Each structure stands twice: as structure tokens, then as C-alpha cells.
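Single-letter residue listing:
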Amino acid sequence: MLKRLLSGNEAIARGAYENGVSFAAGYPGTPATEIVEEIAKYNRIDAQWSVNEKVALDVAVGASLGGARTLVAMKHVGLNVASDTLFTLSYTGVNGGLVIVTADDPGMHSSQNEQDNRFYAKFAKIPLLEPSDSQEAKDFVGLGLSISEIFDTPVLIRITTAIAHSKSIVKFNIKQKTNFHNKTFRKDSAKWVMIPANARKRRLLVEARLKKLKNFSERIWCNRIEWGKRNIGIITSSICYQYAKEALSDASILKLGMTYPLPEFLIKKFASKIQDLYVIEELDPFLEEQVKVLGIELKGKELFPQTGELSPSLVKDKISIRGSQNKVSSTETIEKFPPRVPSLCPGCPYLGFFYTLKKLKLFVAGDIGCYALGALPPASAMHTCISMGSSIGIALGLEKAMKDRIKHKLIAVIGDSTFLHAGIPELIDVVYNKGSVTIIIFDNQTIAMTGRQDHPGTGVTLKKESSRRFDYVKLIRALGVKNVQVVNIYDLKATKKAILEETNRDSVSVVVAKGPCILLDKYKNRKRLFKVVNSENCRKCHECLNLGCAAITIKEKGRIEIDAELCIGCSICAQLCRYNAIEKYAPR
Amino acid sequence: MRLVNPRKVDVIIAGIGGQGVLLAGEIVAEMFMKTGFDVKKYEVRGISQRTGSVVCYIRAATKVFSPVISEGSADFLVGLELIDTYRYRKFLKKDGNIIVVDRIIPFYLIGDSSIIHPNNLLTRLRREFRRVTVVNYDRIDQYFRFVNAVNMVILGVFSNYLNLDEQSWQEVIKKKVPHKTVDMNLKAFKSGRRMILK
């Protein structure tokens, strides 16, 4: 038997392959990115990055209607964007099996919030699966597709960072059938046209479907009881199952793979034989509240935090096998050791830009991407960051509220892919409503934060085929913006001049600041002529430290040193040094 | 092939984004797979790409449940950077092994900076743990530092603590590193494996 060590994301991709998925779509977002990326590596599957999550889901709906088994993947906040389609898709149902994967981020390793997307399943009245390791991640894709086709419903698979990014052993199904046939496409307005008259009928079917799914969840193999000692019983799902197994090896466990709708009889049967019942789950009391509604007594969130990730030690601390609660959790002791503040990469094109913004003392409405790190010291030059595309709207709102008090002192900054994702309607809003906001579009030719994915602005598709390359300037002009400039972001003087010119205007303007991400493969291998400090010229003014470049450090007696392993020779520090103390150096 | 402890081995590799922590972890996990054990691997990366904290957990045992290692239970802590190795010391058991480079990658500091000094951190580590092996950064060939192959050098040092044959290590490295860099990485690994440490 073929076994591989796969991450949850890789396993989901393998599951898509083994179960005849022929179309996949998504938008990059940690920790979901690798799912669609890995699927794209299978030649048999047509896969794409869409411009945003809603578009991805819409295209997936079309593919399902066309008969294809389809998978769409996104991070938790991505499902917010796609939710408009999701809630009505629950009414229409599917044709080819349709699975939506949401990757939640408890602990907010790389997210702006910690929402528990299991509620989307309950909210939209669709079935929910939660794998607890990579093997299940693979298997649940097949299960999800079957449920989708049998019950005529989209299926939500919810993973968390600990599932998405942990690797465990997966058995491959080599004897998989390869002759998956697409379902027959047929026109059916009553099913697919959700005008009120049709939707009212489908609405009833949704409730009937939930009842059937409830019965189904009682006997599905992924919901099972692992009997141990009866004094402690655990109801759990996802990664928490692993924590419970490790911390409480003797306990009885009701392991739920399908967590909506819940198997009421199975839960009641389990609870009736257990002395002390606990629900272990991360984030919100999603299972706990539903089990309590059944009239079952249990302990859950009074023991475990509603925020962040759980761990085996936390589970052990809170539930001792002797049934008594003891010990204060050691993870709660705060370490005084200074945290490593995240920062932009050495040589990042944004370093010089945020240095300039700080000098200009502008109010900066920011957006989602690497450049959000511009909010951190030493630049501290970003003042809002909420959701994809929101920088532009927020800047307009500020102008509406504060008028002359903020005019000419306000800019919105947004990345290239973020602009395409959700920024275009916001820019139209500024033009239409006569705003005078200056918008900076960072064109670094990639979706950098999630690991450098292509997007319409790079002119390359997920399958690495060349496509039409999006032209920002033409689009922006077409939207009615008269003042558009393009600058090289590595040129500090030119960038500063452009910002000053445009912020001083009384009408809307856009600056496209070009500078490729230094981690892009095509720039990685350029000759590294890194910089060194000439100690004779250096006056120890330490202005270069204000850049926040990790390669520049202060040594004994205020001496400045540039780290050879980190420096890529971008020259930004040399541009701002008034004493020409930073010079080129080529090793060997 | 047999591991040092026949029942379980938990390894933590700590470092900074761009140093190749994840690749090193990938290689260790693949080596443990070869022993026939159940293996789990987990990595935590912050939002910074370069210069952010990165930690990788690798667990091998007859059956592994949690991919996350509990505090005070890791057998090895392998550090590519001193500050972040120090940060993860609480995961190591008292008689666990530390293998660490005495290199500091600084960061924009908020708070007390007096602690951030190599000697200071090493003294503290040695006070808490008996088995601390320090690899002097200056002793690592300048070439390996320039091409970012310090991870392979340290992996070479670490490989001496596991009873796994060198050829298997080489096979896995060949499989896991980019094609063009195979020779360079093998050399770096070898230099670490042969390094004589006090």
C-alpha cells in the first residue's frame, strides 16, 4: 500500500483527485492556499485562482450545474465574501457533487479575526464535516461529494490551521476508479432560478433535507464511539479529538466527523452511559450548545477558552482522569521574553515606502496583505486594516466626515491582488461620490503574503498558462480617474514626489507603485551585491534604523552592521543615508 | 534502522523565516517515516515571510495523536537561531538535547534588550539544561552561510544523535531539496555531520 506524509491541505487535494473532482477554484488565503495549489498539480483536474472567493464559488456552482464534481476552497474570512451565493445555493442544491472547504484560523496565526465557520453550516442549513487528520481530510472529500449528490446540497468541510498545516500519514487509494462520469446537464428553472415563487418551494425542501441528514448522521461511519472508562466521556471533533486521545487515553470518546446536523440519538446513547461528560472544541461552543439543547448536562466552555487554540496539555490540565480539576495551566503563564515582532522582508519594496509615509505624517487607510506590517514599528504608518478592499471606502468615509480637517493628509494603500479582489467597486464609489482620496496600488506582481500566487495582474494562470495581463492604468482611467501615475517604488525620491503631488489634489487620484516582491523566483537569483557600512563615513545618526530592515542592526558603540545573509542589495538604505556610508560589496 | 529511543522521538526545530526550518523538518519527518513509525509533523509560521519566527514539530512513535508537542516533553530542540531556540526551550524535557547555532538574528525590539546577547542566552540555556551543543556560527563555512545552507549544516550535526545511516539521510535530502542545489546541500550536511564539537 502506498503511504505518504501529507498535510491536511495536500490530503484534501488527493481526495479531490481520487474522487473524480474535475473542477476546483479558490482564492489564496492562509491556511487554505495549498488546497487549490496542490489540486492544480493533477493534470486531470481543471483548477483556477478566481479573482475573489465569491467568484470562485459562482464558477464552482456553474461547474456543478454542468455536471462536474467540484471543490472550492478558501480561508474562513473568504467564506464571508462567498456567503451571498452560499445561502441561496443551499436552496438550489447541486448537480455534480459540490464541496466547499473553509480553513479556519484559531489563534489567528495569519488572520484578522477568529470566526468559527461551523456556524455557516447551521446558518445556511447544509451538512458539515470536520476531519481530525490528513487521512480523514482525504476521505471526507469523497464522503462530502457523495453526501452532496445524494442529498442535493453543497457540503461544507471545515478544517483549522492545525489540520491544514500538520502532516500525517495517508494511505492512497491506488485502485481508484478513473472513469468518473459527469452528471447530465439539464435546464431546470424551478431548481435554479431563485425568484420568490421558486425559492418558497425550495425552502421547504431545505428543511426536509435537514431532517434526512439528521437521520443519516446517526449511522454514518465518521461518527463513532470509542469506549474507554465510563467515568469520563468526551464529545469532540477535528484536532481536539487528537488532543483528547493524547491527554486522556482512558476516557470514552464520541468522535464526530459530521458535526451538522448532529446525531441526537447517538449523543443521547453516549451521554446516558457516562458519569462526567465534557465537550472539547476550539473557539465557540458550537457542539456544546446543541448538545445542551438535548437536555444533557456537560462541561465545556466553563473549562476551555473560547479564544485561541487548545493543546493536549490544556486538555490534561482541565480534565484530570480522576475527575477532579487541578493545577493552573502552565500555558497561561505569560513569558516575559520579548516577542519577535513580525516585519517586512529585508529588501522588501514596501520598506522604503512606509519610511516615506512616516516622514509625510499622512493618515493611511490600509488593507490586507504583507503591507499591513507597515502598521508595526518603526514605521507605524498604517492606521486602519479591516477587510479586503476596505481601505478605499474607509478613506472616502473619513473624508466625508472630516472634510478639510483630513483633506490632503489622507491616502489609501492597497495591494494589486487586493485591489482586483474587492477594491474596484470601492474605487468606483469614490469617483461616483466625488471623493478626493489618493489611492496607492502596490503592484508587486504577486499575492505575496500567502506564498506568491499568480493573479490577473501577473498574466499567468494557476496552471501556469499565460493569460491576458490586467492593465491597471487603463482600467483606472476607464473608471473616470483622471490623475494616474506610475512610479518605481524603489526610487524613494520619485515615490515621495508622486505622493505629495497626488495628495495635494482636490480630486481622486491613483498612484501605481511598481516593485516586484523580492521572493519571486525570477528575482531570487539576481546577483546579490549586498551593502556594507563604510565606518569612516558613518556618523552613527542611525537614520537607516528607521527603515525597519531586519538586515540592518546596531552593534556595540552604536556601530551599524548589515547582515550578509539577510541583505539582498536593494539600495533603499543607501538612498536615505546622507553621508554615503552604505556601499556595494560583492563577496569572493 | 532504529531510533535512539525505541518508543518515541519528539523533535522541535526553531528558527527564522527564510532559514529553511520547514525543509529541515520535512527531511527529519521523512527519515522517521523510513523507520516504520507513525509520524506527524506540524509547523507554525507567523505572518512574516523572511525574519519571522518559524517552528516545526516532528513526532515519531508507534501511534501519534497530537501533531503539537506538549511542553516539557520534546527529546530534541534544534535551533537555527538563538533567540527563537531560547523561546521554545519550555517544550524540551529536562534531560533533552539542545543543538543550537550561536547566531542571533535581531528584530525590532519592544521592551528590555539586555537579555538579547548570545553569551547571556547560552548561559541561561546551560543553566536549565545539561545537554546543550553549541555550533559556532563563525565556524560554519562562509560559503554555506552565503547560500543559506546553515540549516543543512545543523541537520548534519543533529544527525549524529540519531541512529540512522548516512546514506538514508543523503537519499532523503536529494529527494527534498531543489534539484539544482542537491550537491551544495549534501556538502553542507556532510560538513555538519563531520563537525567536531566541544
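Just so it is clear, the structure is predicted and the values come from calculations on it, not from any experiment.

Asks: Mind laying out the overall build of chain B, listing which residues take part and the relevant values?
Replies: Each helix and strand in chain B was counted, giving seven helices and six strands. Counting from the amino terminus, chain B carries its helices and strands in the arrangement β-α-β-β-β-α-β-α-β-α-α-α-α. The C-alpha radius of gyration of chain B comes to 16 Å, within 12% of the 16 Å expected for a compact globule of 198 residues. By its C-alpha atoms, chain B is 45 × 35 × 35 Å across when sized along the principal axes. A burial count over chain B gives 61% of its 198 residues as buried. Taking contacts inside chain B between residues at least 6 apart in sequence as the whole, the part at least 24 apart equals 64%.

Asks: Which residues make up the overall build of chain A, and what values do they have?
Replies: Looking only at helices and strands, one finds 20 helices and 22 strands in chain A. Whereas a compact globule of 588 residues would reach a radius of gyration of roughly 25 Å, chain A reaches 27 Å, a difference of no more than 12%. Its C-alpha atoms put chain A at 80 × 60 × 50 Å along the principal axes. Within the span of chain A, comprising 588 residues, buried residues form 60% of the whole. When the accessible surface of chain A is split by element, carbon and sulfur atoms take 52% of a total near 24500 Å². Separation of charge centres in chain A, based on 83 positive and 60 negative side chains, amounts to 2 Å.

Asks: How would you explain the interface of chain A and chain B if you had to name every residue and give the values?
Replies: If you look at the interface, chain A gives 54 residues, while chain B gives 54 residues. Interface area, chain A with chain B, both sides summed: about 4500 Å², of which 56% is carbon and sulfur. A per-residue breakdown of the area chain A buries against chain B is headed by Phe337, Arg340 and Glu565 of chain A, which together make up 20% of the total. Counting the contacts that link chain A with chain B gives six salt bridges. Across the salt bridge formed by Asp563 of chain A and Arg103 of chain B, the nearest N and O atoms sit 2.6 Å from each other. The interface formed by chain A and chain B includes 11 residue pairs in polar contact (both at pLDDT 80 or more). Looking at the side of chain A that touches chain B, the elements that each hand over two or more residues are β1 (3–7), α7 (161–164), β8 (166–171), α10 (238–247) and α13 (312–318) of chain A. With five residues, α10 of chain A is the single largest residue contributor to the side of chain A that touches chain B. Note: β8 of chain A against strand β2 (residues 38–45) of chain B, three bridges, orientation antiparallel.

Asks: Residues and numbers for the pattern of salt bridges, please.
Replies: Two side chains bearing opposite charge may form a pair once their charged atoms approach each other closely. By the definition in use, this model includes 50 salt bridges over all chains. The partner of Asp104 of chain A in a salt bridge is Arg158 of chain A, and the shortest N-O contact between them spans 2.8 Å. With Asp104 of chain A in strand β5 (residues 98–104) and Arg158 of chain A in strand β7 (residues 155–160), the pair connects residues that are 54 residues apart, well separated along the chain. Residue class for Asp104 of chain A comes out buried when judged on its relative accessible area of 0%. Judged by its relative accessible area of 2%, Arg158 of chain A falls in the buried class. Between Arg89 of chain B and Glu128 of chain B there is a salt bridge, and its shortest N-O distance comes to 2.9 Å. Taken together, the residues span a long stretch of sequence, with Arg89 of chain B in the loop between α2 (82–87) and β5 (92–101) and Glu128 of chain B in helix α3 (residues 118–128) at a distance of 39 residues. You can call Arg89 of chain B buried: its relative accessible area is 14%. Glu128 of chain B gets classed as partly exposed once you look at its relative accessible area, which sits at 32%. In this structure, a network of salt bridges that share partners links the residues Glu10, Glu34 and Lys167 of chain A together with Glu26, Glu30, Lys41, Glu43, Arg45, Lys175 and Lys176 of chain B.

Asks: Hey, could you go over unusual backbone geometry for me, with residue numbers and the actual values?
Replies: All names here are of chain A. Put simply, Thr30 and Pro31 share a cis peptide bond, and its omega is 5°. With respect to the element layout, Pro31 can be found in the loop between β2 (21–26) and α2 (33–39). In the segment running from Tyr260 into Pro261, the intervening peptide bond is cis, with an omega of -15°. With respect to the helices, strands and loops of the structure, Pro261 is situated in the loop between β12 (258–260) and α11 (264–272). Although it is not a glycine, Lys125 sits at a positive phi angle of roughly 60°. By secondary structure assignment, the location of Lys125 is in the loop between α5 (118–124) and β6 (128–129). Accessibility expressed as a relative area gives 24% for Lys125, which makes it partly exposed. Positioned with a positive phi, Ser380 is a non-glycine residue whose angle comes to about 45°.

Asks: Provide a residue-level description of α11 of chain A, including the pertinent values.
Replies: Residue and element names in this part refer to chain A. Within α11, burial applies to Leu266, Ile267, Phe270 and Ala271. Down the axis of α11, the smallest arc covering the buried residues is 130°, so these residues share one side. Opposite its buried face, α11 presents the exposed residues Phe265 and Ser272, each directed more than 90 degrees away. The inward-facing, buried residues of α11 abut α9 (196–219), β9 (223–226), β10 (229–237), β11 (251–256), β13 (276–280) and α12 (286–293).

Asks: Describe the side chain of Asn117 of chain A, naming the residues involved and giving the relevant values.
Replies: Residue and element names in this part refer to chain A. Here Asn117 shows up in the loop between β5 and α5. Of the residues examined, Asn117 reaches a relative accessible area of 1% and is grouped as buried. A distance of 2.7 Å separates polar atoms of two side chains, one belonging to Asn117 and the other to Gln115. Leaving out residues up to four positions away in the same chain, Asn117 has contacts with His76, Leu79, Thr102, Asp104 and Leu156.

Asks: So what's going on with the domain arrangement of chain A? Residues and values would help.
Replies: All names here are of chain A. Domain parsing of chain A yields domain 1 (3–219), domain 2 (223–328), domain 3 (349–522) and domain 4 (527–585). Distance from the C-alpha centre of domain 1 to the C-alpha centre of domain 2: 26 Å. Counting residues at the interface gives 31 residues for domain 1 and 31 residues for domain 2. Considering only the side of domain 1, the residues that lose the most area to domain 2 are Arg118, Ser217 and Glu218, jointly responsible for 23% of the buried surface there. For the interface between domain 1 and domain 2, the tally reads three salt bridges.

Asks: Residues and numbers for the sheet that holds β6 of chain A, please.
Replies: Residues and elements named next belong to chain A. The strand order across the open sheet formed by seven strands is β3-β2-β4-β5-β7-β6-β12, and the pairing between neighbours is mixed. Every other strand in the sheet has two partners, leaving β3 (46–49) and β12 as the edge strands with one partner each. Taken strand by strand, helix α3 (residues 53–65) contacts β2, β3, β4 (69–75) and β5, and its axis lies near 170° from that of β4.

Asks: So what's going on with the confidence of the model for chain B? Which residues, and what values?
Replies: In this model, chain B carries a mean pLDDT of 89, and residues with pLDDT of at least 70 account for 92%. Within chain B, helix α4 (residues 142–146) of chain B has the poorest average pLDDT of any element, 79, and strand β4 (residues 74–79) of chain B the best, 97.

Asks: Please set out the sheet that holds strand β6 (residues 131–135) of chain B residue by residue, giving values where relevant.
Replies: Pairing is mixed across the open sheet formed by eight strands, whose spatial order is β1(A)-β8(A)-β2(B)-β3(B)-β1(B)-β4(B)-β5(B)-β6(B). At either end of the open sheet lies a strand with only one pairing partner, and these are β1 of chain A together with β6 of chain B. Mean inter-strand twist for the sheet, computed between neighbouring axes without regard to direction, equals 20°. Relative to strand β3 (residues 53–61) of chain B, β2 of chain B runs antiparallel, the two sharing eight bridges. Residue Arg45 of chain B lies in a different strand from β3 of chain B, and its bridge partner there is Val54 of chain B.

Conventions we followed
- Per chain, the residues get numbers from 1 upward, laid out in the order the sequence is written.
- Written order determines the labels here, with chains lettered from A and ligands numbered from 1.
- Totals for whole chains, interfaces and linings use all residues, but because this is a predicted model, local features are given only for residues with pLDDT of at least 70 and pairs of side-chain atoms are given and counted only at 80 or more.
- Only hydrogens and water are set aside when side-chain values are computed; all heavy atoms of the structure are taken into account.
- Under the DSSP-based scheme used, a helix requires at least four consecutive residues in state H or I and a strand at least two consecutive residues in state E, with every element numbered from the N terminus.
- To get the radius of gyration, use the C-alpha atoms; to get the globule rule, take the number of residues to the power 0.38 and multiply by 2.2 Å.
- Remark: exposure states derive from per-residue accessible area (1.4 Å probe, protein chains only) relative to the maximum for the residue type, with buried under 20%, exposed over 50%, and partly exposed in between.
- It only takes one pair of heavy atoms within 4.5 Å for two residues to be counted as in contact.
- Here the Shrake-Rupley method, with its probe set to 1.4 Å, supplies the accessible areas, and only the displayed protein chains count as covering residues.
- Within this scheme the basic residues Lys and Arg register as positive and the acidic residues Asp and Glu register as negative, but His and the chain ends are omitted.
- Where a charge lies is defined by one atom per residue type: Lys uses NZ, Arg uses CZ, Asp uses CG and Glu uses CD.
- Once two parts are joined, some of their accessible surface, as seen by a 1.4 Å probe, is lost; buried area is that loss totalled over both.
- Salt bridge, as used here, is a side-chain nitrogen of Lys or Arg placed within 4 Å of a carboxyl oxygen of Asp or Glu.
- In protein, a polar contact requires one atom able to donate a hydrogen and another able to accept it; more generally it is a pair of N or O atoms within 3.5 Å, and residues adjacent in sequence count only if both atoms are side-chain atoms.
- By definition, two strands form a pair when at least two bridges between them are found by DSSP.
- As used here, the arc is the angular range of directions from the helix axis to the C-beta atoms.
- Each domain's limits were defined by an automated method or a database of domain assignments.
- Each axis is a line fitted through C-alpha atoms, and for a helix only the stretch in contact is used; angles between axes span 0 to 180 degrees, taken between their N-to-C directions.
- What pLDDT conveys is the predictor's confidence in a given residue, as a value from 0 to 100.

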